[in-house]
Amino acid sequence: MNTRVIPIQPVISPAPVAGLAALGDWLRRSRRPILAVQWIVVVAYAGLVAVPAFLPLPPDSAGILDHLTRFAQFAFWGIWWPFVILSIMVLGRAWCGFLCPEGALTEWVSRYGAGGRMPRLLRWSGWPFVAFVMTTVYGQMLSVYEYPKPVLLILGGSTLAAIAVGLLYGREKRLWCRHLCPVSGVFAILARISPLHYRVDRDAWAHSGAKAERINCAPLVHIKSMTGGADCHMCARCSGHKDAISLAARWPGREVAETTPDAAPVWQSRLVAWGMLGVAAGAFQWSASPWLVAIKETLATALVERGWLAPLQEVVHWWLFTSYPEVNDAFSWLDGAMLIGYIAVTAIVLGAWVSGWLYVAERALKLPRARHALALTLTPFAGLTIFLGLFSLTTSQLGPEGVSLAWLPELRALVLTIAVLWSVVLSFAWVRRHAPTSARKVIAIPATLLALALPFATWWILFYRW
Ligand code: SF4
């Protein structure tokens, strides 16, 4: 088999930015103020997660600045999550390294914990996929974007689990972030397309006469052989080490375009296709879907005609499905089943569509495992559509505050266009670099474009048809 690799330089070339290395070194020297900021975030996060759960629900008329619950809702879902997603595509996992309260807590408590070795079962590489799917679906079942008790249960529960892992395993490490955090898989994928990373100069490392200091890389990156940003938390602690590591710029997505089929992580590929393009799309789209309403009405009518009323009863446990009768918001069992069914069907249809076309591309290229690397080229679309889904929560809270949203359709069109073009360019770059012959590219490139077509259609329908 001819596996000729075409140099990538004409399509994607390095773009050094002066001053970045100095910025990385400055961040390394600024450890104390960074820690101070981390603890301020931890305290603010703890307050916003816990306190609203013990307050009465705010009246409909309450604004963001009128009630702590509304403020926390806007802070978490209007600002925090959408812009953390965006920041990782731009800055790598600097959020994890500098601001994430769970990362800070799990690392801090691990200084005083048992320091044990994490069992192999907990280091299974599929956990980030499973945890992302479970928290996404459970969050929808409880309406986590709207009510404070689910926030305490899901975000607070995740934080307690991070602390427990820190107390049990590792010493001054972030094993929670590395193996179990529900968003670590998504963050690792998004960091691959960031234009910033810590670059390792192997020659400089080999010939460095500098005294080797001990570096505590909390997420356990093997620094000397680091070739990408997926696991690096951009904490800057290794900046300047052996005069070989520096903060550097690269073309956005270069790491993905250079990923060989053998190096593409299977679970990250599944997370893109089935999780970010599938489950996340279903989670953002179900509440606006007229199809779901039509099916539910048909089923409800059929149940009433047969006298089967139990599925139409309200669920009484808020930790199972949304249940707030005091504000006339409570799921019936049918509502809950429809929600889970809608997300599941969306995930299966979109995941199978994307995976199927990527498999066609792999067969055309005759490169085993190429579909996993090609899935990573869809990361810009997957990440930016999750940003748009979360940004809908931002705008839905700003609208009642009197903020004009006339610009929203144009902004969404712009972001969708960037998402598609960025992914298409990455797909072209990957195929161009790895395809053995031009004839095989002719099939592989359209197949990859078709993989994007249905996910694009669902988001376009959500924003411009429903
Ligand atoms: S490799 Fe480790 S120590 Fe270096 S910046 Fe990344 S997370 Fe920090």
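Please refer to the structure higher up on the page.
Here the structure is a predicted model, which means the values were calculated and not measured.

Some words on the overall build of the protein
Regarding its fold elements, the protein presents 18 helices and four strands. Over its C-alpha trace the protein gives a radius of gyration of 23 Å, about what one expects of a compact globule, namely 23 Å for 466 residues. Each of the 466 residues in the protein was classed as buried or not, and the buried ones make up 53%. For the protein, the accessible surface area stands at approximately 21300 Å², while carbon and sulfur atoms represent 67% of it.

Considering helix 7 (residues 148-168)
Over its 21 residues, helix 7 runs 29 Å from end to end, which matches the ideal 30 Å to within 8%, given 1.5 Å per residue. Maximal helix bending in helix 7 amounts to about 25°, located at Gly156. Within the sequence span of helix 7, burial applies to Pro148, Pro150, Val151, Ile154, Leu155, Gly156, Ser158, Thr159, Ala162, Val165 and Gly166. Buried residues along helix 7 sit in contact with helix 2 (31-50), helix 3 (68-91), helix 5 (101-110), helix 6 (127-142), helix 8 (175-179) and strand 3 (323-324). One or two residues past the end of helix 7 sits Gly170, with phi positive at roughly 80°.

Structural notes on the packing of aromatic side chains
Under the defined criterion, the tally for this structure stands at 26 aromatic pairs. Look at Trp108 and Tyr112: their rings are 5.5 Å apart centre to centre, the planes differ by 75°, and that puts the pair in the edge-to-face class. Here Tyr112 falls in the exposed class, since its relative accessible area comes to 54%. Between Phe387 and Phe391, the ring centres sit 5.4 Å apart and the planes meet at 20°, which makes this aromatic pair stacked. Here Phe391 and Phe387 lie together in helix 16 (residues 379-398), a separation of four residues that amounts to about one turn. Here a set of aromatic residues connected by ring pairs shows up, and it is made of Tyr45, Phe76, Trp77, Trp80, Trp95 and Tyr145.

Things to note about the site of the ligand
Looking at the ligand, the residues that line it are Tyr198, Cys217, Pro219, Ile223, Met226, Cys232, His233, Met234, Cys235, Ala236 and Cys238. Considered class by class, the residues forming the shell around the ligand number ten nonpolar, one polar and no charged.

Some thoughts on the nonpolar core
Counting 108 residues, the largest nonpolar core has Phe76, Trp77, Ile85, Phe187, Met276 and Leu365 as the members making the most contacts within it. Sequence-distant contacts of Phe187, that is, excluding residues within four places in its chain, are made with Trp81, Val84, Ile85, Ile88, Arg93, Trp95 and Cys96. Ranked by size, the runner-up nonpolar core spans 21 residues in total, among them Leu196, Ile223, Met234 and Leu247.

Some remarks on the pattern of salt bridges
Scanning the model with the defined rule gives ten salt bridges in all. A salt bridge links Glu258 to Arg254; its shortest N-O distance comes to 2.9 Å. Placement of the pair is Glu258 and Arg254 together in helix 11 (residues 254-258), with a separation of four residues, close to one helical turn. According to the relative accessible area criterion, Arg254 is buried, its value standing at 16%. Residues Arg369 and Asp262 are paired through a salt bridge, measuring 4.0 Å at the closest nitrogen-oxygen approach.

Remarks on helix 13 (residues 290-306)
If you check helix 13, its first and last C-alpha atoms are 25 Å apart, about what 17 residues at 1.5 Å a residue would give, namely 24 Å. Here helix 13 starts with a cap whose side-chain oxygen sits 3.2 Å from the backbone nitrogen of Trp291, and that cap is Ser289. Phi for Gly307, located one or two positions after helix 13, is positive at around 75°.

Some details on the state of the cysteines
One way to say it: the disulfide is the covalent bond shared by the sulfur atoms of two cysteines. For the coordinates displayed, the defined rule picks out zero disulfides. Considering cysteine sulfurs only, Cys96 is the nearest to Cys100, which forms no disulfide, with 6.0 Å between them. Cys100 sits in the buried class, given a relative accessible area of 16%. Left without a disulfide partner, Cys177 is nearest to the cysteine sulfur of Cys100, which lies 6.0 Å away.

Some remarks on the pairing of strand 2 (residues 245-249)
Along strand 2, five of the five residues are buried, which leaves the element largely enclosed by surrounding structure. The two faces of strand 2 match: Ile245, Leu247 and Ala249 on one face and Ser246 and Ala248 on the other face are all buried. Where strand 1 (residues 196-200) meets strand 2, five bridges bridge the pair, whose relative direction is antiparallel. Bridge pairing in strand 2 links Tyr198 to Leu247.

A closer look at a nonpolar patch on the surface
Where nonpolar side chains cluster on the molecular surface, the patch consists of Val51, Leu55, Leu65, Leu68 and Phe71 and spans about 450 Å² of accessible area. Within the secondary structure layout, Phe71 lies in helix 3.

Regarding the environment of Ala44
Looking at the secondary structure, you find Ala44 in helix 2. Sequence-wise, Ala44 and Ser355 are 311 residues apart; in three dimensions their C-alpha atoms are separated by 41 Å.

Looking at the side chain of Thr136
Within the secondary structure layout, Thr136 lies in helix 6. In contact with Thr136, other than residues within four places in its own chain, are Val279 and Ala283.

Overview of unusual backbone geometry
The backbone of Lys242 shows a phi angle near 55°, a positive value even though the residue is not glycine. One can find Lys242 in the loop between helix 10 (202-207) and strand 2. Not every positive phi belongs to a glycine, and Arg369 is a case in point at roughly 75°. Tracing the sequence through the fold places Arg369 in the loop between helix 14 (333-365) and helix 15 (370-376).

Calculation rules
- Residues numbered from 1 in each chain as written.
- Predicted model: local features only at pLDDT ≥ 70, side-chain atom pairs only at ≥ 80, totals over all residues.
- Heavy atoms only, no water.
- Helix = DSSP H or I, 4+ residues; strand = E, 2+ residues; numbered from the N terminus.
- Rg over C-alpha atoms; globule rule 2.2 N^0.38 Å.
- Buried < 20%, exposed > 50% of the residue type's maximum accessible area, 1.4 Å probe, protein only.
- Areas by Shrake-Rupley, 256 points an atom, 1.4 Å probe, with all protein chains shown as cover.
- Expected span 1.5 Å × (residues − 1).
- Bend = angle between axes of the 7 residues up to and from the residue.
- Contact = heavy atoms within 4.5 Å.
- Phe/Tyr/Trp six-rings, centres within 6.5 Å; stacked < 30°, edge-to-face > 60°.
- Near = heavy atom within 4 Å.
- Nonpolar A, V, L, I, M, F, W, Y, C, P; charged D, E, K, R; others polar.
- Core = buried A, V, L, I, M, F, W, Y, C linked by side-chain atoms within 4.5 Å.
- Salt bridge = Lys/Arg side-chain N within 4 Å of Asp/Glu carboxyl O.
- Polar contact = N/O pair within 3.5 Å; in protein donor to acceptor, adjacent residues only side chain to side chain.
- Disulfide = S-S within 2.5 Å.
- Pairing = 2+ DSSP bridges.
- Patch = residues over 30% accessible without salt bridge, like charges linked within 9 Å, V, L, I, M, F, W, Y side chains within 5 Å.

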